[in-house]
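Residue-level structural notes
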Amino acid sequence: MFACITAILAQIRFTLPSLVPITLQTLGIYLIGLVLKPKIAFISSLIYILMGAIGLPVYSGFSAGLSTILGPTGGYIFSFPITALIISYLVHYRSTTIFKFGALILGTIICYLIGTLWFMYIMKMSFSASLIICVLPFLPGDVLKIFIAAALTNKFKNIIKD
């Protein structure tokens, strides 16, 4: 279910002049990490990657395939299972609101780090130039997604219980 939610959220995108669009895909990963237990969070986000890898158009802009995963933005996709696992582990370790926000911030940093390093490698760009393209434009949106994910967590947990 969460892999499908992430696929739907990935289609809500805002194109930027750079190669990296703003999407709600990471909101799906945040929800996976907040709601599911660590092992299931990892598997759910891995299923999302595999859905796209086998050709289902689940990535941003209804894209799919290895060319997307191995392209400039593929590192962000690769980071999703690790991001979801770390968020899930931390919020299941301690579920206070502060800890939840800390887990989401750390997950975002991990996603940015892996994605930006991959982007640097593929595009042969410096770290500072890659940060300007791949991180700075996304900070305000990711802060908003963090707040939305935190607010929706209990609603999703209640749905799963029923």
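Residues numbered from 1 in each chain as written. Predicted model: local features only at pLDDT ≥ 70, side-chain atom pairs only at ≥ 80, totals over all residues. Heavy atoms only, no water.

What to know about the packing of aromatic side chains
Counting across every chain of the model gives seven aromatic pairs. Taking 6.5 Å as the distance between ring centres and 15 degrees as the angle between the ring planes, the aromatic pair formed by tyrosine 89 and tyrosine 93 counts as stacked. Taken as a pair, tyrosine 89 and tyrosine 93 lie in helix α5 (residues 74-93) at a separation of four residues, close to a single helical turn. Residue classification places tyrosine 89 among the exposed residues on the basis of a relative accessible area of 51%. (Phe/Tyr/Trp six-rings, centres within 6.5 Å; stacked < 30°, edge-to-face > 60°. Helix = DSSP H or I, 4+ residues; strand = E, 2+ residues; numbered from the N terminus. Buried < 20%, exposed > 50% of the residue type's maximum accessible area, 1.4 Å probe, protein only.)

Notes on the side chain of threonine 116
Here threonine 116 lies in helix α6 (residues 97-123). Given the relative accessible area of 1%, threonine 116 is considered buried. In terms of polar contacts, threonine 116 uses its side chain to reach the side chain of tyrosine 76, at 3.2 Å. The residues contacting threonine 116, other than those within four sequence positions of it, are Tyr76, Phe127, Ser130, Leu131, Cys134 and Val135. (Polar contact = N/O pair within 3.5 Å; in protein donor to acceptor, adjacent residues only side chain to side chain. Contact = heavy atoms within 4.5 Å.)

Notes on the UniProt feature "transmembrane region" (unreviewed entry) in the protein
On the UniProt side, "transmembrane region" (unreviewed entry) is annotated at positions that read residues 12-33, 40-62, 74-91, 103-123 and 129-152 here. The straight-line gap between the two end C-alpha atoms of residues 103-123 is 30 Å; of that span, 100% is helix and 0% is strand. (UniProt positions renumbered as here; feature names shortened; annotations may be inferred.)

Some details on the pattern of salt bridges
As enumerated under the stated definition, the model contains one salt bridge in all. Across the pair aspartate 142 and lysine 145 runs a salt bridge, and its minimum N-O distance is 3.0 Å. Here the residue aspartate 142 and the residue lysine 145 both occupy positions in helix α8 (residues 139-161), the gap between them amounting to three residues, near one helical turn. Across this residue pair, the class does not change: aspartate 142 and lysine 145 are buried. (Salt bridge = Lys/Arg side-chain N within 4 Å of Asp/Glu carboxyl O.)

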